[in-house]
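# Understanding the architecture of this molecule
So you can see what is in the structure, the chains are spelled out below.
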Amino acid sequence: MLVKFLKKLAVLIPMVFGISLISFFIIHLAPGDPTALFVDPNIDPKELLRIKANWGLDKPIIIQFFYWLKNIIRGDFGIAYLYNRPVLELILERIPATLLLMGTAFIIILLISIFFGVYSAYKKDSFLDKIVSILSFIGMSLPSFWVGLMLILIFSVELNILPSSGFSNPLLSTSPIYLRIYDIFLHLILPVSTMVIVGFAGLTRYIRSTTIEVLKQNYIRTARAKGLPENIVLFKHALRNSLLPLITIVGMSLPDLFAGAFIIETIFGWPGMGRLGVSAVFSRNYPLIMGIVFISSVLILLGNAFADLLYLIADPRIRIDEND
Amino acid sequence: MMNKTTVVFFLFTVVFLFIVIAFEGCQTKTERLTKENTIIFALSGDISILNPILSSDSASSAVEGFIFSGLTKINENLEIVPDIAKSWEIKNGGKEYIFYLRDDVYWHDGEKLTSYDVKFTFDSILNPKVNSVRRGDYIIDGVPIKFETDGPHIFKVILPKPFAPILSRMGIGILPKHLLFDKDLNTAEFNTKPIGSGPFMFKEWIKSERVVLEKNPKYFDGPPKISGIIYKIIPDENARFVALESGQVDVSDIPPKDFNRAKKLKNCNVFEYDSLVYVYLGFNLKNEIFSDIRVRQALAYATDKTQLLNLIFRGLAKPAFGPMSPVSSMFESDTEKYNFDLKKANAILDEAGWILGSDVIREKNGKKLEFTILVNQGNKEREKAAVILQWQYKKIGAKVNIRLMEWSSLVKKLNSARKDFDSVIIGWSLGIDPDSYSIWHSSQYPYGLNFIGFSDPTVDRLLEEGRTTIDFNQRKRIYSQIQKIIAYQQPYIFLWYPKSLVAVSKKIHGLSKPGPAGLFVNIENVYISKDEQGD
């Protein structure tokens, strides 16, 4: 099995190369260039050509790509324009805040949707199931920027109990560590709530429908026929099987944890990856875009490989099939 | 089940703590910043780099303004006044500027600031390897300016020929030579932990969240009265407004739509003042429709600026008629205005041979009076303006199409040699010097900012004269003529001068006169009152 997994990982290398090559060309061929931000009557266009040459943008794209590749192999992601700092440094300094926001939201969404999904599948068409359905549809149809602003309006403006933006209160930077952690926790509440409100619906619906399928299976009937208590049927036999597809979802969400959430970050002034990525695209900050694309694609591929591995472990049927 | 949950919860808490500690890192012990001694500014854009010769965005410049000092600075009346230089002389018919430096200026690390630092800064800008967009400011007709020192307190600027705008370009923040002479300026660590000589010292920068500055007790112009400044980056305009409303920030810009709401806020004073920006509809003059001045004049008459500004800004902007901001000292008000007059517009088009067709669109020699306005996507004001103009021009039989383009692509289109566009709504943000050579001189086409292809020998000559003339009144006459000619020819339809709308917490006092230089020009006079803190 380990060999199989390593083989899978080896296949990833040409894939990463292919993704990098294609995205490099797409990004460089998109109209516009990184000096477009400097359009200002006081800036001489000749200077922009000089700066572009300093950045190596006067060379053919394919040559630029091989330079980039050569550096990547040595672990050098290059220097981002405008910031004039290493791409890796820019990305790494965003990761703590991004993981904190995305991870917290993801875990809460997961817990809520497993609970409500399984429960409403079990009590299908009950009052609570309907309430959960209605709430899911409301959550699904609300735009996150609106929910975010409404939460800010209620909790920051009207009640004035929670901060509306940022990661921490700058005035507390010399306070003891426990106060600062509490402060970060306060800053986390509104953005995470927004993400949970708009994000729990999809997963809940999904778990509900897989659980409904599982509950129809023969082995559930067998378990009940054996006289097993209902909670063991539900949480041992049904839940395990209905959560199998969740592995894929968790695997696929791995890159999201890294990518951040642009809209939430913008509204709440959260210093995450989403803002970095979007502004990199708009300013055609090629090294930065490529750095983010490269890391994301590696994470997506790894996430998928990881999910496959988990399947092998969790689902004996797949193991048997592959041994045939 | 229970066990696993506990483990997950425990792991999560550990990760959380780890992240928090990693993020907060090491702290230095200094005076505690509190709401009573600190001003919190809301910034809309991320700060990219804190080095005045490398940065090109307004957020970075705003922060650098308090950390660094220049030879000169701008006062609230937009005049150039001494900063590090206590005085200067212009010699040799305007070809030599001699700056006499103060003797009491120190870097934030305690070293003394001398003319060698000044020379180092300007030489660095001229260094082609340094990615400074400001380099062109110090090159005149292809010849770089020479910078010399004469002892630690005298700095000389030697120009290849007289060049009036140079004085306005001497205010750029000076860099410390002793910290940078052996470093690659582009990537130096200094750029994220700057050391300047200004009224505030850099303390902390949490990327894309905030920058914290604390007062420089040894500032040469007297230490500031407030202890610190915090810039909080809040990209969303609604969120900025809310932060202001709830007292989380003390100073913020406000969007025109919220202006009336802001005026009702109990904890803030609201200011509106002019900027050095104008927004216009520019025509591609090589296009056969717009090469005829009569079409441009007719469109100018058909533009109802009052209606336009009422619809977009509820009146919070001024109509523009010429290529200079009214706050500029060389502004000429007596220019051709082309006040809204549909009859005149129609008459001019009739006379020019544009005949109304059966589809209510004018045509001439089989060509329809139809063109496209390009607008940068996301700029709501300009997007609205395009729609209103489309509707206004329909009344004189012109068909307007609108195309929204992302900024970078739009700029690419305007800069390309093919000039494949009809017209564009865009704006210029001018410096305090009236020189607008780069916008109007015929040499700046097709590669340059004169992308509309404006070419007028008289204007060319006047622009050249304007930059080489030192005498204020003489220059004023020259720029007055330029404004008159351009306003008459309408290569752009000048649309509006945007206003800066800023709200400032009532606890903050000692602001400067509102104007393009902002409200915090004299930051050392700004103080926070004790009685109005409770907001």
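Residues numbered from 1 in each chain as written. Chains lettered and ligands numbered in written order. Predicted model: local features only at pLDDT ≥ 70, side-chain atom pairs only at ≥ 80, totals over all residues. Heavy atoms only, no water.

## Some thoughts on the overall build of chain B
The test is simple: A run of DSSP states H or I qualifies as a helix once it reaches four residues; a run of E qualifies as a strand once it reaches two. Both are numbered from the N-terminal end. Computation of the radius of gyration draws on C-alpha atoms alone. For the globule rule, the value is 2.2 Å times the number of residues to the power 0.38. Burial classification: accessible surface area is computed with a 1.4 Å probe over protein chains only, and a residue below 20% of its type maximum counts as buried, one above 50% as exposed, and the rest as partly exposed. We call two residues contacting when some pair of their heavy atoms lies within 4.5 Å. In these tables, accessible area is a Shrake-Rupley quantity obtained with a 1.4 Å probe, and a residue counts as shielded only by the protein chains included in the view. For the purpose of charge, His is not counted, nor are the chain termini; Lys and Arg are scored as positive and Asp and Glu as negative. Think of each charge as sitting on NZ of Lys, CZ of Arg, CG of Asp or CD of Glu.
Broken down by element type, chain B carries 14 helices and 25 strands. Expected size for 535 residues packed as a compact globule is a radius of gyration near 24 Å; at 26 Å, chain B falls within 12% of this value. For chain B, the spread of C-alpha atoms along the principal axes amounts to about 80 × 75 × 45 Å. Burial analysis of chain B (535 residues in total) assigns 56% to the buried set. The contacts of chain B with a sequence gap of at least 6 include a subset with a gap of at least 24, amounting to 67%. Surface summary for chain B: the accessible area is close to 22100 Å², and the carbon and sulfur share equals 53%. Between the mean site of the 69 positive side-chain charges and the mean site of the 64 negative ones, chain B shows a separation of 3 Å.

## Considerations on helix α5 (residues 237–245) of chain B
Operational definition: Definition of a polar contact: a pair of N or O atoms within 3.5 Å, with one able to donate and the other able to accept a hydrogen when the atoms are protein atoms, and with sequence-neighbouring residues admitted only if both atoms are side-chain atoms.
Turning to α5(B), its buried residues are Ala239(B), Arg240(B), Phe241(B), Val242(B), Ala243(B) and Leu244(B). Measuring from the side-chain oxygen of the N-cap residue of α5(B) to the backbone nitrogen of Asn238(B) gives 3.1 Å; that N-cap residue is Asp236(B).

## Topic: the environment of Tyr83(A)
Tracing the backbone shows Tyr83(A) in the loop between β1 (79–80) and β2 (85–86). Residue contacts for Tyr83(A): discarding those within four places in its chain leaves Leu90(A), Leu276(A), Ser279(A), Asn285(A), Leu288(A), Ile47(B), Ser48(B) and Ile49(B).

## What about the interface of chain A and chain B?
This is how the line gets drawn: Throughout, the accessible surface (probe 1.4 Å) given up by two parts as they are put together, summed over both, is called the buried area. Between Lys or Arg on one side and Asp or Glu on the other, a salt bridge is scored when a side-chain nitrogen of the former is within 4 Å of a carboxyl oxygen of the latter.
Contacts between the two partners involve 65 residues from chain A, matched on the other side by 71 residues from chain B. Buried surface at the junction of chain A and chain B, both sides included, amounts to about 5800 Å², of which 60% is carbon and sulfur. Run the count over chain A and chain B and you get four salt bridges. In this structure, the salt-bridge partner of Glu406(B) is Arg284(A), at a minimum N-O distance of 2.7 Å.

## Topic: the pattern of salt bridges
Residue and element names in this part refer to chain B. Scanning the entire structure with this criterion turns up 42 salt bridges over all chains. Among the salt bridges present, the one from aspartate 103 reaches lysine 112, with a minimum N-O distance of 2.7 Å. Notably, a salt bridge pairs glutamate 351 with arginine 294, separated by 3.9 Å at the nearest N-O pair. Of this pair, glutamate 351 sits in helix α9 (residues 342–351) while arginine 294 sits in helix α7 (residues 293–302); the two residues are 57 residues apart in sequence, bridging distant segments of the chain. Taking relative accessible area as the criterion, glutamate 351 reaches 60% and is therefore assigned exposed. Look at the salt bridges and you will find they share partners, linking Glu237, Glu245, Lys257, Asp258 and Arg261 into a network.

## A look at the packing of helix α13 (residues 457–468) of chain B against helix α14 (residues 472–489) of chain B
All names here are of chain B. Note the threshold: As a rule, the C-alpha atoms of each element are fitted with a line to give its axis, helices using only the stretch in contact, and angles between N-to-C directions run from 0 to 180 degrees. Angular relationships are summarised with four words: roughly parallel below 35 degrees, roughly antiparallel beyond 145, roughly perpendicular across 65 to 115, and oblique for the angles in between. Helix crossings fall into two classes, left-handed where the near helix is turned counterclockwise from the far one by less than a right angle and right-handed where it is turned clockwise. The residue classification treats Ala, Val, Leu, Ile, Met, Phe, Trp, Tyr, Cys and Pro as nonpolar and Asp, Glu, Lys and Arg as charged. All others, Gly included, are polar.
At their nearest, the axes of α13 and α14 sit 9 Å apart, and the two run at 155° to each other. Between α13 and α14, the angle is such that the two are roughly antiparallel. The hand of the α13/α14 crossing is left-handed. Only Arg475, Ile478, Tyr479, Gln481, Ile482, Ile485 and Ile486 of α14 make contact with α13, whose side of the interface consists of Thr458, Val459, Leu462, Leu463, Glu465, Gly466 and Arg467. For the contact of α13 with α14, the residue count by class is eight nonpolar, three polar and three charged.

## Focus: the confidence of the model for chain B
All names here are of chain B. Heads up, the condition is: The score called pLDDT rates the predictor's confidence residue by residue, from a low of 0 to a high of 100.
Mean pLDDT for chain B: 90, with 94% of residues reaching 70 or above. Considering only residues more than four positions removed or in separate chains, one finds that residues 25–29, a stretch of pLDDT under 50, has five contacts. With a pTM of 0.84, the predicted complex shows an ipTM of 0.81.

## Focus on the packing of aromatic side chains
All names here are of chain B. Heads up, the rule is: Each Phe, Tyr or Trp ring, with Trp reduced to its six-membered ring, pairs with another whose centre is within 6.5 Å; inter-plane angles below 30 degrees give stacked pairs, above 60 give edge-to-face pairs, and intermediate values give tilted ones.
Scanning the entire structure with this criterion turns up 38 aromatic pairs over all chains. On the numbers, 5.2 Å between centres and 25° between planes, the contact of phenylalanine 41 with tyrosine 231 is stacked. In this pair, phenylalanine 41 is assigned in strand β1 (residues 38–43) and tyrosine 231 in strand β12 (residues 228–233), connecting sequence segments 190 residues apart. Like phenylalanine 41, the residue tyrosine 231 is buried in the burial classification. Ring geometry for phenylalanine 99 versus phenylalanine 155: centroids 6.4 Å apart, planes at 40°, classification tilted. Highlighted residues: phenylalanine 99 in strand β5 (residues 96–101) and phenylalanine 155 in strand β9 (residues 154–158), separated in sequence by 56 residues.

## A short note on the pairing of β12(B)
Residue and element names in this part refer to chain B. Our working definition: Criterion used throughout: strands pair if DSSP finds at least two bridges between them.
Summarising burial for β12: six of the six residues are buried, a large majority. What you see with β12 is no split at all: Gly228, Ile230 and Lys232 on one side and Ile229, Tyr231 and Ile233 on the other are buried throughout. Two strands pair when backbone bridges link them, and β1 and β12 are joined in this way by six bridges, in the parallel orientation. Counterpart to phenylalanine 41 in the pairing with β12 is tyrosine 231. Bridge analysis of strand β11 (residues 210–215) against β12 gives five bridges, and the strand direction is antiparallel. If you follow arginine 210 over to β12, its bridge partner there is lysine 232.

## Focus: the sheet that holds strand β19 (residues 367–368) of chain B
Residue and element names in this part refer to chain B. With antiparallel pairing, three strands are arranged side by side in an open sheet as β17-β18-β19. The sheet terminates laterally at β17 (355–356) and β19, the two strands that pair on one side only. Pairing of strand β18 (residues 362–364) with β19, which is carried by two bridges, proceeds in the antiparallel orientation. If you follow glutamate 363 over to β19, its bridge partner there is lysine 368.

## As for the nonpolar core
One broad trend across soluble globular proteins is that nonpolar side chains are buried collectively. Residue and element names in this part refer to chain B. For clarity, the cut-off: Nonpolar core, defined: a set of buried Ala, Val, Leu, Ile, Met, Phe, Trp, Tyr and Cys residues in which side-chain atoms within 4.5 Å join the residues together.
Counting residues in hydrophobic clusters, the biggest one holds 90 residues, and the most contacted among them are Tyr393, Trp440 and Trp496. For this core, the element with the most residues is strand β23 (residues 492–505), which contributes eight residues. Counting 69 residues, the second-largest nonpolar core is a separate cluster that includes Leu43, Ala85, Val502 and Ile508.

## Concerning unusual backbone geometry
Cis geometry is found at the peptide bond from Tyr445(B) to Pro446(B), where omega equals 0°. Mapped onto the fold, Pro446(B) is located in the loop between α12 (437–440) and α13. The residue Asp125(A) is not glycine, and still its phi comes out positive at about 65°. Mapped onto the elements of the fold, Asp125(A) is located in the loop between α4 (87–122) and α5 (127–141). With a phi angle near 50°, Lys419(B) is a residue other than glycine that sits in the positive phi range. Its place among the elements puts Lys419(B) in the loop between α11 (407–415) and β22 (423–429). In this structure Lys419(B) comes out as buried when scored by relative accessible area, which is 5%.

## A closer look at helix α7 (residues 177–215) of chain A
Worth spelling out the cut-off: In this analysis, the expected span of each helix is defined as 1.5 Å times one less than the number of residues it contains. The term bend refers to the angle at a residue between two fitted axes, each drawn through seven residues, those ending there and those starting there.
The terminal C-alpha atoms of α7(A), which comprises 39 residues, lie only 49 Å apart, well short of the 57 Å expected from a rise of 1.5 Å per residue. Bending of α7(A) peaks at approximately 40° at the position of Gly199(A).

## Comments concerning the sheet that holds strand β8 (residues 146–149) of chain B
Residues and elements named next belong to chain B. The four strands lie next to each other as β4-β5-β9-β8, forming an open sheet whose pairing is antiparallel. Both edges of this open sheet fall to β4 (85–91) and β8, since each of them pairs with a single strand only. When strand polarity is set aside, the average angle formed by the axes of neighbouring strands in this sheet is 20°. Note that β5 and β9 share five bridges and pair antiparallel. Considered in β9, the bridge of glutamate 96 is made with isoleucine 158.

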